[in-house]
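Working through the structure, step by step
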Amino acid sequence: MSESKHLKRVALVTGGSRGIGLGIAEHLAEAGMDLAINGRRPESDVQDSIDALRRRGADVLYHPMDVAELDEHTGLLDAIRSRFGRLDVLVNNAGVAPHERADILEASPESFDRLMRINLRGPYFLTQAVANWMREQKQADDAFRGVVVNVSSVSATVVSVNRGDYCISKAGVAMATQLWAARLAADGIAVHEVRPGVIKTDMTAGVTAKYDKLIAEGLTAEPRWGTPGDVGRAVTALATGELSYATGNVVMVDGGLTIQRM
Ligand code: NAP
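So, here's what we can say about the structure.

Rules used in this analysis
Residues numbered from 1 in each chain as written. Predicted model: local features only at pLDDT ≥ 70, side-chain atom pairs only at ≥ 80, totals over all residues. Heavy atoms only, no water. Near = heavy atom within 4 Å. Polar contact = N/O pair within 3.5 Å; in protein donor to acceptor, adjacent residues only side chain to side chain. Helix = DSSP H or I, 4+ residues; strand = E, 2+ residues; numbered from the N terminus. Pairing = 2+ DSSP bridges. Axes fitted to C-alpha atoms, helices over the stretch in contact; angles between N-to-C directions. Buried < 20%, exposed > 50% of the residue type's maximum accessible area, 1.4 Å probe, protein only. Right-handed = clockwise from strand over helix to strand, strands pointing away. Core = buried A, V, L, I, M, F, W, Y, C linked by side-chain atoms within 4.5 Å. Contact = heavy atoms within 4.5 Å.

Attention shifts here to the site of the ligand. Taken together, 30 residues surround the ligand, and among them Arg18, Arg40, Asn93, Tyr166 and Thr201 come closest. Gly15 places a main-chain nitrogen or oxygen 3.2 Å from an oxygen atom of the ligand. The contact in question runs from an oxygen atom of the ligand to an N or O atom on the backbone of Asn93, over 2.7 Å. Within the residue set of the shell around the ligand, elements represented by two or more residues are α1 (19–30) and α5 (164–184).

See below:
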């Protein structure tokens, strides 16, 4: 059966229901894309986010699922196929911090396994499934240009000894980006990484006072918290395909946190 001709480009943003993922989805909608987003909560809990995206002109599919459960990937992609018939952009954004920040001398293997499953293994295999679909689309239409953007973190290179599991999961995402970029370049599919610094979302709500103080003391060269919109703009610049002959790039959205200074 032939797939319907959906004219707008379609992006899947994992964890697009709030925080950085919602900021990314908002900017992609404004750039003229239709959207598939997911999270784990039921649709009734994320209606405000869906409405906000529709107001920006996007057709929105919300499909609740856990990115760590590889068996659920097929259902997500089938839903996108039947709604839109195409997928041009994958943004691997969904991710979690450890429940408790614990010294690496004491942190548990359970926390390590949870972070690897959600932050690294899930997106790695979701990319595999999407990449195979994008390659099919490229074979059917030579003008097709797929883009994958992985949202990692400055923690891919900056050490926090009280959340080693998080840092290792994000360092893995950085390597996964390089692997997929190399494997998919010949198919015209670009793969990039966006590395946010300290961004104001639910994830950082519990450490607001700590980062307020660190930012006031000069943690970032630009003296403010980042916003989901800051990350959304960077992802959209990559996802709209304005860059050519470019893949495997790392875009820092960290207010200069990782610039070595003295
Ligand atoms: P957040 O506010 O906690 O939002 C997380 C989003 O991911 C929600 O939409 C959530 O869905 C979804 N999600 C979480 N676990 C999931 C799972 N197993 N399956 C499917 N969806 C899941 O987090 P955030 O601050 O926006 O972070 C987004 C990404 O940016 C993460 O990868 C994070 O590591 C990275 N990052 C964040 C910061 C920061 O300072 N905030 C800095 C650097 C990198 P529900 O709403 O259904 O739970």
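This part takes up the sheet that holds strand β5 (residues 147–151). What holds strands together in a sheet is hydrogen bonding between their backbones, with the strands either parallel or antiparallel. As summarised here, the arrangement of the seven strands in space is β3-β2-β1-β4-β5-β6-β7, forming an open sheet in which the pairing is parallel. The open sheet terminates on both sides in strands that have one partner only, identified here as β3 (60–62) and β7 (250–253). Direction aside, neighbouring strands of the sheet carry axes that sit 15° apart on average. As judged from the four bridges shared by strand β6 (residues 190–196) and β7, these two strands associate in the parallel manner. When the sheet's bridge partners are listed, Glu193 is paired in β7 with Val250.

Below, the discussion takes up the pairing of strand β2 (residues 34–38). For β2, the buried fraction is high: five of the five residues fall into the buried class. The alternating pattern of β2 places Asp34, Ala36 and Asn38 on one face and Leu35 and Ile37 on the opposite face, and all of these are buried. Direction of pairing for strand β1 (residues 10–14) relative to β2: parallel, over a ladder of five bridges. Paired with Thr14 across the strands is Asn38, a residue of β2. Handedness of the crossover is the feature at issue here: the chain leaves β1, passes through α1, returns alongside β2, and the resulting connection is right-handed. Sheet topology places β2 next to β3; three bridges connect them, and they run parallel. Residue pairing for β3: Ile37 is matched across the bridge by Tyr62. Handedness of the crossover joining β2 and β3 through helix α2 (residues 47–55) is recorded here as right-handed.

A few words now on the nonpolar core. If you look at the biggest cluster of nonpolar residues, it comprises 31 residues, and the most contacted ones within it are Leu12, Leu76, Leu77, Ile80, Leu87, Leu126 and Val130. Counting residues per element, the ones that place at least two in this core are β1, α3 (71–84), α4 (109–140) and α5. When near neighbours in sequence (up to four residues on either side) are disregarded, Leu126 contacts Leu12, Thr14, His73, Leu76, Leu77, Leu90 and Asn92. Core analysis: the next-biggest nonpolar cluster, separate from the first, contains 30 residues, Leu35, Leu238, Ala239 and Val253 among them.

Our focus in this paragraph is unusual backbone geometry. Backbone geometry places Tyr245, a non-glycine residue, at a positive phi of 55°. Locating Tyr245 in the fold gives a position in the loop between α7 (228–239) and β7.

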